[in-house]
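Overview (structure and organization)
Letter by letter, the chains look like this.
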Amino acid sequence: MNETYQKLVDLYAGEELPEELNNELEAAAKTDPALMQDMKSLRQTVVALRDDEIEFTEESYQRILMKLYARGGHLQTQSPEPRHLQYQLPISG
């Protein structure tokens with residue numbers, strides 16, 4: 001894969017390339033399957049991330065955080081967690 005084209009893939013995915021470079025990159029991808037795969041997958045990722053219908057809520061954040069903790073991840077956030085999100089354990093006498 002041409003190193004110059006590889007560096008342009010992220011700009012292609014974000015639709016930030018001028019038309020002539022865009023066409024040149026697409027022409028090069030016709031002969032290079034790895035380049036074509038990178039271009040397609042990154043473009044699909046950018047489109048999915050720009051989708052306005054997806055909403056990242058506090059509930060989504062907490063579910064992801066709990067999954068990371070369950071798998072052994074130790075994260076430190078910059079803001080303190082609210083107390084209402086902590087699990088309350090019963091105290092046995």
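Rules behind the numbers
- Residues numbered from 1 in each chain as written.
- Predicted model: local features only at pLDDT ≥ 70, side-chain atom pairs only at ≥ 80, totals over all residues.
- Heavy atoms only, no water.
- Buried < 20%, exposed > 50% of the residue type's maximum accessible area, 1.4 Å probe, protein only.
- Helix = DSSP H or I, 4+ residues; strand = E, 2+ residues; numbered from the N terminus.
- Arc of directions from axis to C-beta.
- Contact = heavy atoms within 4.5 Å.
- Salt bridge = Lys/Arg side-chain N within 4 Å of Asp/Glu carboxyl O.

Attention now goes to helix α2 (residues 19–29). Buried within α2 are the following residues: Asn 22, Leu 25, Ala 28 and Ala 29. Projected down its long axis, α2 shows its buried positions confined to an angular sector of 130°, all on one face. Of the residues in α2, the exposed ones pointing more than 90 degrees away from the buried face are Glu 19 and Glu 20. The elements touched by buried residues of α2 are α1 (3–13) and α3 (33–49).

Moving on, we get to the pattern of salt bridges. Using the criterion set out here, one finds three salt bridges in the structure. Among the salt bridges present, the one from Lys 7 reaches Glu 3, with a minimum N-O distance of 3.4 Å. On the criterion of helical spacing, the pair formed by Lys 7 and Glu 3 is a turn pair, its members being four residues apart in helix α1. An identical accessibility class is assigned to Lys 7 and Glu 3; each is exposed. Across the pair Glu 15 and Arg 43 runs a salt bridge whose closest N-O atoms are separated by 3.7 Å. Pair noted here: Glu 15 is in the loop between α1 and α2 and Arg 43 is in helix α3, with a separation of 28 residues, a long-range link.

Shape is all these values report; function is a separate question.
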